Amino acid sequence: MPRRIKYRKAHKSMGFNETICGNTRQLAFGLYGIRAMEHCRIPARTLEAARRTLRRTIKKTAMLWIRVTPNVPVTSKPAEVRMGKGKGTLDYWAAPVRAGQILFEMDRCGKADVQAALHSIQAKMPIKLGFVEWS
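All figures in this text were calculated on a predicted structure; none of them were measured in a lab.

Novice: Got a minute to help me understand the pattern of salt bridges in this structure?
Specialist: Between side chains of opposite charge, pairing is possible as soon as their charged atoms come close. Evaluated as defined, the whole model comprises four salt bridges. The closest approach of N and O atoms between R67 and E105, which form a salt bridge, is 2.2 Å. Of the two residues, R67 is situated in the loop between β3 (63-66) and β4 (72-76) and E105 in strand β6 (residues 102-107); the sequence distance between them amounts to 38 residues. Note that K111 is salt-bridged to E133, the shortest N-O span being 3.2 Å. With K111 in helix α2 (residues 111-122) and E133 in strand β7 (residues 129-133), this residue pair connects regions lying 22 residues apart in the sequence. The exposure class of E133 is partly exposed, given its relative accessible area of 41%. Connected through salt bridges with shared partners, the residues E48, R51 and R52 form a single ionic network.

Novice: I tried to follow the side chain of Q101 on my own but got confused; where do I start?
Specialist: Tracing the backbone shows Q101 in the loop between β5 (89-97) and β6. From its side chain, Q101 meets the backbone nitrogen of R98 in a polar contact 3.0 Å long. In contact with Q101, not counting residues within four places along its chain, are T24, I34, R35, A36, V68 and P96.

Procedures and definitions
Residues numbered from 1 in each chain as written. Predicted model: local features only at pLDDT ≥ 70, side-chain atom pairs only at ≥ 80, totals over all residues. Heavy atoms only, no water. Salt bridge = Lys/Arg side-chain N within 4 Å of Asp/Glu carboxyl O. Helix = DSSP H or I, 4+ residues; strand = E, 2+ residues; numbered from the N terminus. Buried < 20%, exposed > 50% of the residue type's maximum accessible area, 1.4 Å probe, protein only. Polar contact = N/O pair within 3.5 Å; in protein donor to acceptor, adjacent residues only side chain to side chain. Contact = heavy atoms within 4.5 Å.

See the structure below:
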């Protein structure tokens, strides 16, 4: 989540448009990557759970880069509250993810380790993931 923001609450949107920036679809740091195959809004706690699982799976010697940042505030109103009376309070931060965007990059580890890591975080993520190899 960002340290400083101009407005605490944002308009409700997925946080992205249909165009995809070229630099988010290609590997920039590591030899292997994990790519999103669908678009969605991933909460920060889900990204953190995936990061912990990846770190546990690929061990300490491997390098890990996280290519997405949760920068969209998501608000919600409590249950059984009537309509009106303003926007709800800030509930969590989310990262807008486009289809084809690289989420994680890894280096200094084997291909089998990365594929095992992908299999282990697939259950934690709300979208389908794919494997990317630098060529």
